[in-house]
Each structure stands twice: as structure tokens, then as C-alpha cells.
Amino acid sequence: MEAVTRRHPSIVVLTGAGISRESGLATFRDPDGIWARVRVEDVATPGAFARDPARVHAFYNARRAQLRDPAVAPNAAHLALARFERAWPGGFLLVTQNVDDLHARAGSRRLVHMHGELGKARCGHCGHVAPWQEDLSATTACPSCGRAGGMRPHVVWFGEMPLAMDEIGAALEGCDLFVAIGTSGQVHPAAGFVAEVAGRARTVELNLEPGAMSRAFDERIEGPASETVPALLEALLRDAG
Ligand code: BV8
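Residues numbered from 1 in each chain as written. Predicted model: local features only at pLDDT ≥ 70, side-chain atom pairs only at ≥ 80, totals over all residues. Heavy atoms only, no water.

Engineer: Before we move on, could you go through the environment of aspartate 101 and cite the residues and values that matter?
Structural biologist: Tracing the backbone shows aspartate 101 in the loop between strand E2 (92-96) and helix H5 (102-106). Measuring from C-alpha to C-alpha, the distance between aspartate 101 and serine 184 comes to 20 Å, with 83 residues separating the pair along the chain. (Helix = DSSP H or I, 4+ residues; strand = E, 2+ residues; numbered from the N terminus.)

Engineer: I'd like to hear about the sheet that holds strand E9 (residues 219-222), residue by residue, with values.
Structural biologist: Strand pairing in a sheet is mediated by backbone hydrogen bonds. Such pairs are either parallel or antiparallel. Strands sit in the order E3-E2-E1-E7-E8-E9 across an open sheet of six strands; the sheet is parallel. Both edges of this open sheet fall to strand E3 (111-113) and E9, since each of them pairs with a single strand only. Across the sheet, the mean angle from the axis of one strand to that of its neighbour is 15°, orientation sign disregarded. Pairing of strand E7 (residues 177-181) with strand E8 (residues 202-207) involves five bridges; the strand directions are parallel. The residue bridging leucine 177 from the neighbouring strand is arginine 202, located in E8. Contacts from helix H4 (residues 76-87) reach strand E1 (11-15), E2 and E7 within the one sheet, and its direction differs from that of E2 by about 155°. (Pairing = 2+ DSSP bridges. Axes fitted to C-alpha atoms, helices over the stretch in contact; angles between N-to-C directions. Contact = heavy atoms within 4.5 Å.)

Engineer: I'd like a description of the site of the ligand, backed by residues and values.
Structural biologist: The ligand sits among 34 residues. The nearest are Phe28, Arg29, Gly159, Thr183 and Ser184. A distance of 2.8 Å separates an oxygen atom of the ligand from a polar atom in the backbone of alanine 17. The side chain of asparagine 207 places a nitrogen or oxygen atom 2.7 Å from an oxygen atom of the ligand. Alone, the ligand offers 1,500 Å² of accessible surface; in the complex the protein occludes 76% of this. Split by residue class, the shell around the ligand holds 14 nonpolar, 13 polar and seven charged. (Near = heavy atom within 4 Å. Polar contact = N/O pair within 3.5 Å; in protein donor to acceptor, adjacent residues only side chain to side chain. Areas by Shrake-Rupley, 256 points an atom, 1.4 Å probe, with all protein chains shown as cover. Nonpolar A, V, L, I, M, F, W, Y, C, P; charged D, E, K, R; others polar.)

Function cannot be inferred from these measures alone, as they are strictly geometric.
Following this line, the structure appears as C-alpha cells:
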């Protein structure tokens, strides 16, 4: 007799800066967010880096140093996602727009940083990517080719192609459930993922308030991620039996 196996749904989770807010990291577009204090054009584009590398390095050095503050730690939402990944029998991929290290520190492993990571640096000369915790400057030498002047944060700036888009596309192609957590849905291509899966996957948005793509979601759960994420994941595990 053919074994009837109930395929557990395959899940893609997309996170944004809102999931790290309760860990003490500023978001981008909230009233007290990063873009209220500094302009994208001055710190988060290749043109900004070419024009004033010292200013861009200072911007990312400050954010990288903040990750070493003991007060900045994974919160209940990060921890719940890491636990869920280990318990879920179906497919699972966590795609984050965040460049902080909180998902990895919480224990997430099936994790893709589509906008890069503050904890890595890349050489503009040879392309080498290295783990990086210290400050970067225009005189920092590449640990691989030895040349100075080309090291930059391994972060995706506006106008640059996000990372791992093939892996993300494949996961979206096969997913049954898409959950967006703490993202304003204003930055593409991430903001377009919900439209990509609509109609063939259940889509759920977890946010404090509706994001720009809210109408595209089947379901919206409002509240702080530290409460809504553990609750949703526990319900999914309960329903899976
Ligand atoms: C590209 C750098 C092409 C790293 C970032 C189509 C239409 C329109 C525009 C475009 C388009 N296609 C491309 C573009 C241009 C551009 C773009 O989207 N512009 C928009 C803004 C108009 N996109 C790009 O340039 C992308 N590149 O498309 O390349 C290409 C093709 C071929 C070859 C080459 C290139 C690159 C995008 C990545 C840019 N880099 N950051 C860094 O410094 O961190 S984007 C920046 O925004 C961050 O990475 C951040 O992750 C991202 C998204 O922001 P959110 O995470 O959503 O954060 P935000 O503050 O906005 O919202 C927070 C949310 O949390 C809020 O909703 C809030 O309510 C909620 N919240 C707060 N507290 C809580 C909470 N929720 C729950 N609980 C809480 N406690």
C-alpha cells in the first residue's frame, strides 16, 4: 500500500528591521529610525562610498560596534524562529533583510542575509569576503590580497543586486506559507516576494502596523514580534501534530 505521507508545508520567513527593534536596534523608517538621522544617498549607495568612504565607514563602524554591546541580544522572536527551524519537519528558509547577527546568534542556520552582514567585509580589489568585527577604514588592508583602500562592508547598498536571489527564488517557488515579520515592505525586491507567492501560498504579515504591501497578505497579525512570532510558530507546530 502506498504510504500516504502528509507533506508538511514548506515555509519561507522574511524578516526586516522590526524583528530586531526589541533587541535595541533602530529600524530604518520608524520616526526614530536610521533614515530619520542620515540620508540613504550619503551612506547606503555605491556613489556615497566613492564620494566619501570615511563617512560610509563611520556609519557602518558604529552599527557594527553596536552589535558588540551586551545589551543587544536576540529577543524572543529570534529565539522562537531558531527553535522552530529545528522542530519543523517540512521545508524552511529564513530570509532576512537585516545585516545584524541576531538570527545567527539565536541559533538560526537555514538563514540567508539577502542584504549582506555587518559582521563581514569585502575587498573591492579581489572580492575576498572575511568575517569582520573591528572598524574598517580606507587604509584597511585586505587579509587575502594585502591591498589597502578597497575594503568595504559586505552589505548590499541601494542599486546593488541582493545576495542569494536564486536560493530565495527557489524557496519561494516551492513554499506553501510565506510569513513577513517586521518589514515595512518598501524595499525591493524583498517587498515583492509576497506578490510572487500570492495565490499559491498562504501569506501572513506580522507587524506593529500595516506595511506598504499589507493588502497583498491573506492575514495580518498586529503586535510586537517578541509576542506574535512565538505565538504563530507554536500554533504551526501544534497544527502539524
Ligand atoms: C536592486 C543596506 C537591482 C544595508 C538596504 C522596484 C520598485 C521600486 C524601487 C525599486 C524596485 N527595484 C529596485 C528598486 C530600488 C531599491 C528600492 O527598493 N528602493 C525603494 C526604497 C524605493 N532597491 C534596491 O536598490 C535593491 N537593489 O533592486 O538591485 C539590480 C539589478 C541588477 C543589477 C544590479 C542591481 C537593494 C535593496 C537593498 C538596499 N540596502 N540597506 C543596511 O545599511 O542595512 S535596504 C534597508 O531597508 C535595510 O536593508 C532594511 O532591511 C531594508 C528594509 O527595511 P525594513 O527592514 O522593512 O525596515 P523599516 O524600518 O523600513 O520597517 C520596519 C518595520 O518594522 C515597520 O513596518 C515597523 O512597523 C515594524 N516594527 C517596528 N517595531 C516592531 C515592528 N514589527 C514588529 N515588532 C516590532 N517590535
